[in-house]
Amino acid sequence: MGTLTHKAARATYGTAIDMVLRHVNKDREKGFLDMVDLTEKYVGKQFPKEAYDGARKLIQNPDGKWMKYVNRILDEVDPHVIKQTALNLGYEAAIHGTKTIREMREKYHCNIPWLILMDPTSACNLHCTGCWAAEYGNRLNLTYEEMDSIITQGKELGIYFYMYTGGEPLVRKKDIIRLCEKHSDCAFHAFTNGTLVDEEFCNEMRRVGNLSLSISLEGFEEVNDLRRGSGVFDKVMKAMDLLKANGQIFGTSICYTSKNVETVTSDEFLDLIIEKGCRFTWYFHYMPVGNDAAVELLPTKEQREYMYHRVREIRGMEGGKPIYAMDFQNDGEFVGGCIAGGRNYCHINPNGDVEPCVFIHYSGANIRQVSLLKALMQPLFMEYRDRQPFNCNHLQPCPMLENPQILQEMVKKSGAHSTDLQSPESAEHLCGKCAEYAKNWQETAEKLWDGHPHHQANYSNYRR
């Protein structure tokens, strides 16, 4: 940040955010433009000039879809939540953190992730059909001290964004709030079934200001409750109402399968969650993880191509819907392929095993036995680093789903072991379930990629 110290730069950004919030009913455009100018002044070439120009153009179109979206957030979300999100996710993680992470990658010659996903617990208050998280076993937990240590070590490497999954992470909501409070310079996000959200928890979220939620949904009531249990859909709707009334930032986490892909992307479904206050929606491709995985739930190549086009339509500059949609599998083109193995993120399960991905249950390091940095240097992660991207076509990013031979090779060469504590699964068995899918998807992926403008420009944002 030039001659500014980290602390002084954060204070400068905090002042700028305060100015924007004070102009909520006066001159928002000027406030936003000042923020862009400040960022360009102190961050400069960390982002391309086109990014700053694009932001200014967006801001100067107040009737555009995305400025209306931003203005609605300013009108409906608690000001403290907005400020903490902008400071921690914007300044700390995206600006200061990114710069530090790049320096650490050069220093230690290994992948350093931008975010860490960890499981506070394997416990859950629901018993959803086919949930692979439950296979970790009963009542496994990362202690508060262990999670605190992970975050403390992570910040030294430039990591300021932490996500929680499980199990049901809100089983540990008091510890999660304690971590938000202690690490007030970090952004936190929890993937939750939503049933443990209550008024008291919303008050705590508003107080700390640096925790957002993704609530799992499978579709409308009948389909959702068939898998998650009777009455769960209504509890989720109530949770969303509470979160919206308390000015929180939240969205949905949706696993799309061959059975629900059209429903969860329908106008009717999106209109419902938008009306409930959702600002974003994550779409996660079904992964056949576990010995008893239902392979028939894998989307067909036609359904996946539909998702590719539909998500881009939803979040288009015009039309679509006023909600930011992300597709964890089909958006590989924007992040240079697979982001796992510490390249941009990694996963720590409730037993402390440091895994390359939430869907890849193999590891050669445990956070209880080695430092975070040593865990990122484990042989499996170094294999990821040496081989990424796993495919020059970023619509085939995954070493399991689209390139199943690669994961088998990496696990064998690194000596990593299965971390599924209930029913260990060999890489050969896991990847064998993906072989036919990968073959079927390849032709469609190549067709889409060959006509892609990024591909024509030799697009790549992969950085070692």
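An unreviewed UniProt entry lists the protein under the name Radical SAM protein, from Dorea acetigenes.

Draft legend 1. Seen up close, the pairing of strand E2 (residues 161–164). Alternating positions in E2 separate into two faces, Phe161 and Met163 on one and Tyr162 and Tyr164 on the other, with burial throughout. Of the pairings in the sheet, the one linking strand E1 (residues 115–118) to E2 comprises four bridges and is parallel in character. Residue pairing for E2: Ile116 is matched across the bridge by Tyr162. Note: E2 against strand E3 (residues 187–192), four bridges, orientation parallel. For Tyr162, the partnering residue across the bridge sits in E3 and is Phe188.

Draft legend 2. Representation of the packing of helix H7 (residues 173–182) against helix H8 (residues 199–208) in the model. Direction vectors running N to C along H7 and H8 enclose 15°, while the axes themselves pass 10 Å from each other. Taken together, the axes of H7 and H8 lie roughly parallel to each other. Classified by chirality, the crossing of H8 by H7 is left-handed. Side by side, H7 and H8 meet where Lys173, Ile177, Cys180 and Glu181 of the first sit next to Phe201, Glu204, Met205, Arg207 and Val208 of the second. Grouping the amino acids of the contact of H7 with H8 by side-chain chemistry returns five nonpolar, no polar and four charged.

Draft legend 3. Broad picture of the environment of Thr152. Within the secondary structure layout, Thr152 lies in helix H6 (residues 144–156). Relative accessible area serves as the criterion here: at 33%, Thr152 is assigned to the partly exposed category. Between the C-alpha atoms of Thr152 and His183, which are 31 residues apart in sequence, the distance is 8.3 Å.

Draft legend 4. Summary view of the packing of helix H1 (residues 6–22) against helix H5 (residues 79–108). One way to put it is that H1 packs onto H5 with a least axis distance of 10 Å and a crossing angle of 140°. Here H1 lies oblique to H5, going by the angle between them. In the crossing of H1 with H5, the sense of the turn from one axis to the other is right-handed. On H5, the residues touching His6, Ala9, Arg10, Tyr13, Gly14, Ile17, Asp18 and Leu21 of H1 are Pro79, Ile82, Lys83, Gln84, Ala86, Leu87, Asn88, Tyr91, Glu92, Ile95 and His96. Classifying every residue of the contact of H1 with H5 by side-chain character gives ten nonpolar, five polar and four charged.

Draft legend 5. Focus on the side chain of Asp185. Note that Asp185 resides in the loop between H7 and E3. On the basis of relative accessible area, Asp185 is assigned to the buried category, the value being 19%. Within the structure, the side chain of Asp185 is placed 3.1 Å from the side chain of Lys155, a separation counted as a polar contact. What Asp185 contacts, discounting residues up to four positions off in sequence, is Arg10, Asn88, Glu92, Lys155 and Tyr160.

Draft legend 6. Spatial organisation of the sheet that holds E1. Ordered by their spatial adjacency, nine strands build an open sheet running E7-E6-E5-E4-E3-E2-E1-E8-E9, and the pairing between neighbours is mixed. Edge positions in the sheet fall to strand E7 (324–327) and strand E9 (354–355), since each of these pairs with one other strand and no more. Taken strand by strand, H6 contacts E1, E2, E3 and strand E8 (345–348), and its axis lies near 150° from that of E2.

Criteria and cut-off values
- Residues numbered from 1 in each chain as written.
- Predicted model: local features only at pLDDT ≥ 70, side-chain atom pairs only at ≥ 80, totals over all residues.
- Heavy atoms only, no water.
- Buried < 20%, exposed > 50% of the residue type's maximum accessible area, 1.4 Å probe, protein only.
- Helix = DSSP H or I, 4+ residues; strand = E, 2+ residues; numbered from the N terminus.
- Pairing = 2+ DSSP bridges.
- Axes fitted to C-alpha atoms, helices over the stretch in contact; angles between N-to-C directions.
- Parallel < 35°, antiparallel > 145°, perpendicular 65-115°, else oblique.
- Left-handed = near helix turned anticlockwise from the far one by under 90°.
- Contact = heavy atoms within 4.5 Å.
- Nonpolar A, V, L, I, M, F, W, Y, C, P; charged D, E, K, R; others polar.
- Polar contact = N/O pair within 3.5 Å; in protein donor to acceptor, adjacent residues only side chain to side chain.

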